[in-house]
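Summary of the model geometry
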Amino acid sequence: MKKFLSVLLASSLLVLSLAGCNKSPSESKTITVGASATPHAEILKVVKPILEKEGYTLNVKVYDDYVLPNTATEDGELDANYFQHKPYLDSFNKKNNTHLVSVGAVHYEPYGIYAGTASSLTNVPDGSKISVPNDPSNEARALQLLAAQKLITIRDGAGLSATKNDISANPHHYDIVEMDAAVIPKSRDSVALSVINGNYAIGAGLKVSQALATEDKDSEAAKTYANIVAVKKGNEEKPAIQALIKALQSQEVKNYIAKTYDGAVVAIS
């Protein structure tokens, strides 16, 4: 009898051990997401209790650049990230041979032209410096906003792939200065005007109402540059990821965005 019980106990332990080893990663109840501090990490604070009701624990890692959250997602350190738009993601994948995909869009942040040494768009001296983000997709968006305000002209067909080389007319000889997006808000006193990403404007304490001009909510840029949740290809349908995007697209989050950001962040309807 003792021998029989010993065999039975050993068999039971083996079954439990195998069950633990065969547990699918998709069953993990902790979701680790990389995000920019503002507004993404702030919005994720609203998402946390929503996910808790679904049995998930949300772990947010804040990044101050646009590279590390993508490489960490590719490497599996993060389950997802929430900080970028699709054109930037596509450009990043191509440049870095990564395999990240969008799960869904959450919001967009209207680009704004903010005053530096010039106080309005009508008193910018000839030859003045205008700062724009230096990564390809965001630079194109900034240039198109400048063109919409008739400060420069972009050649037909350049669209959201425009670069400085696509400036077809610059009658006032403005010096378009390419900078890292995170640096632009801190460098406004060295340029006449700055075109600033929405999240970096918020982080610098700027309000959209202070901008001299912003993107139209119905513009091609506003539709194209919605901020997304990105994951490594193959993870899109995991229950945890689907729970995350559902929470981020919830009415509760939309209400929070509308009340909190005064037009600097706009939820996707």
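Residues numbered from 1 in each chain as written. Predicted model: local features only at pLDDT ≥ 70, side-chain atom pairs only at ≥ 80, totals over all residues. Heavy atoms only, no water.

**Focus: helix α3 (residues 68-75)**
For α3, the set of buried residues is P69, N70, A72, T73 and E74. Turning to α3, the residues buried within the fold contact β2 (57-63), β3 (80-85), α4 (86-96), β4 (100-108) and β12 (227-232). Immediately downstream of α3, the backbone of G76 shows phi near 90°, a positive value. (Buried < 20%, exposed > 50% of the residue type's maximum accessible area, 1.4 Å probe, protein only. Helix = DSSP H or I, 4+ residues; strand = E, 2+ residues; numbered from the N terminus. Contact = heavy atoms within 4.5 Å.)

**Topic: the side chain of S250**
Within the element layout of this structure, S250 appears in the loop between α8 (239-248) and α9 (251-260). Here the side chain of S250 touches A247 through a polar contact of 2.7 Å, landing on its backbone oxygen. (Polar contact = N/O pair within 3.5 Å; in protein donor to acceptor, adjacent residues only side chain to side chain.)

**What about the nonpolar core?**
With 31 residues, the main nonpolar core has L44, V47, L51, L244 and L248 as its most contacted residues. Elements supplying a minimum of two residues to this core: β1 (30-36), α2 (37-53), β3, β12, α8 and α9. Contact partners of L244, with chain neighbours within four places excluded, come to I31, V33, L44, V47, L51, L58, A80 and V229. Membership of the second largest hydrophobic core comes to 26 residues, among which are V124, A140, L146 and L151. (Core = buried A, V, L, I, M, F, W, Y, C linked by side-chain atoms within 4.5 Å.)

**Considering the pattern of salt bridges**
Scanning the entire structure with this criterion turns up four salt bridges. Among the ionic pairs, K61 bridges to E77, the shortest N-O distance being 3.4 Å. On the criterion of sequence distance, the pair formed by K61 in strand β2 and E77 in the loop between α3 and β3 is long-range, its members being 16 residues apart. Looking at E77, the relative accessible area reads 47%, which means it is partly exposed. A salt bridge links K86 to D90, with the nearest nitrogen and oxygen atoms 3.1 Å apart. Here K86 pairs with D90, and both are found in helix α4, just four residues apart, close to one helical turn. Judged by relative accessible area, which is 36%, D90 ranks as partly exposed. (Salt bridge = Lys/Arg side-chain N within 4 Å of Asp/Glu carboxyl O.)

**A short note on the packing of aromatic side chains**
Per the counting criterion, the structure on display carries six aromatic pairs. For the pair Y66 and F83, a centre-to-centre distance of 5.7 Å together with 40° between the ring planes defines the contact as tilted. Note that Y66 is positioned in the loop between β2 and α3 and F83 in strand β3, a separation of 17 residues in sequence. Among the aromatic residues, ring-to-ring pairing joins Y66, F83, Y88, F92 and Y200 into one connected group. Above the ring of Y56, the side-chain terminus of K29 is found at 4.3 Å from the ring centroid. (Phe/Tyr/Trp six-rings, centres within 6.5 Å; stacked < 30°, edge-to-face > 60°. Lys NZ or Arg CZ within 6 Å of the ring centre and 35° of its normal.)

**Some details on the sheet that holds β12**
Read across the sheet, six strands follow the order β2-β1-β3-β12-β4-β13 without closing on themselves; strand pairing throughout is mixed. Only two strands of the sheet have a single partner each, and these edge strands are β2 and β13 (266-267). Pairing geometry for β4 and β12, over six bridges, is antiparallel. Within β12, the position partnered with G104 by the bridge is V229. (Pairing = 2+ DSSP bridges.)

**Section: the pairing of strand β6 (residues 129-133)**
Buried residues dominate β6, accounting for four of its five residues. Where β6 meets strand β9 (residues 175-179), five bridges bridge the pair, whose relative direction is parallel. What sits directly across from K129, in β9, is D175. Both β6 and strand β10 (residues 193-196) contribute to a ladder of two bridges, which runs parallel. Within the sheet, the bridge partner assigned to S131 lies in β10 and is S194.

**Quick word on the sheet that holds strand β5 (residues 112-115)**
Strand pairing in a sheet relies on backbone hydrogen bonds, with the paired strands running either antiparallel or parallel. Strands sit in the order β9-β6-β10-β5-β11 across an open sheet of five strands; the sheet is mixed. On the outer flanks of this sheet lie β9 and β11 (213-214), each paired with one strand and no other. Contacting β5, β6, β9, β10 and β11, helix α5 (residues 136-148) runs over the sheet at an angle of about 140° to β6. (Axes fitted to C-alpha atoms, helices over the stretch in contact; angles between N-to-C directions.)

**Concerning α2**
If you check α2, its first and last C-alpha atoms are 24 Å apart, about what 17 residues at 1.5 Å a residue would give, namely 24 Å. Its maximal kink placed at V46, α2 deviates by approximately 35°, while the proline P49 follows within four residues. Within α2, burial applies to T38, P39, H40, A41, I43, L44, V46, V47, I50 and L51. A positive phi of about 90° marks G55, the residue just after α2. (Expected span 1.5 Å × (residues − 1). Bend = angle between axes of the 7 residues up to and from the residue.)

**A few points about unusual backbone geometry**
Looking along the chain, the bond that leaves T38 and enters P39 is cis, with omega of -5°. Here P39 lies in helix α2. Located in the positive-phi region is N97, a residue other than glycine, with phi close to 55°. Structurally, N97 can be placed in the loop between α4 and β4. Residue N97 is classed as exposed on the basis of its relative accessible area of 58%. The phi torsion at H173 lies on the positive side, around 55°, for a residue other than glycine. For H173, the location among the structural elements is in the loop between β8 (167-169) and β9.

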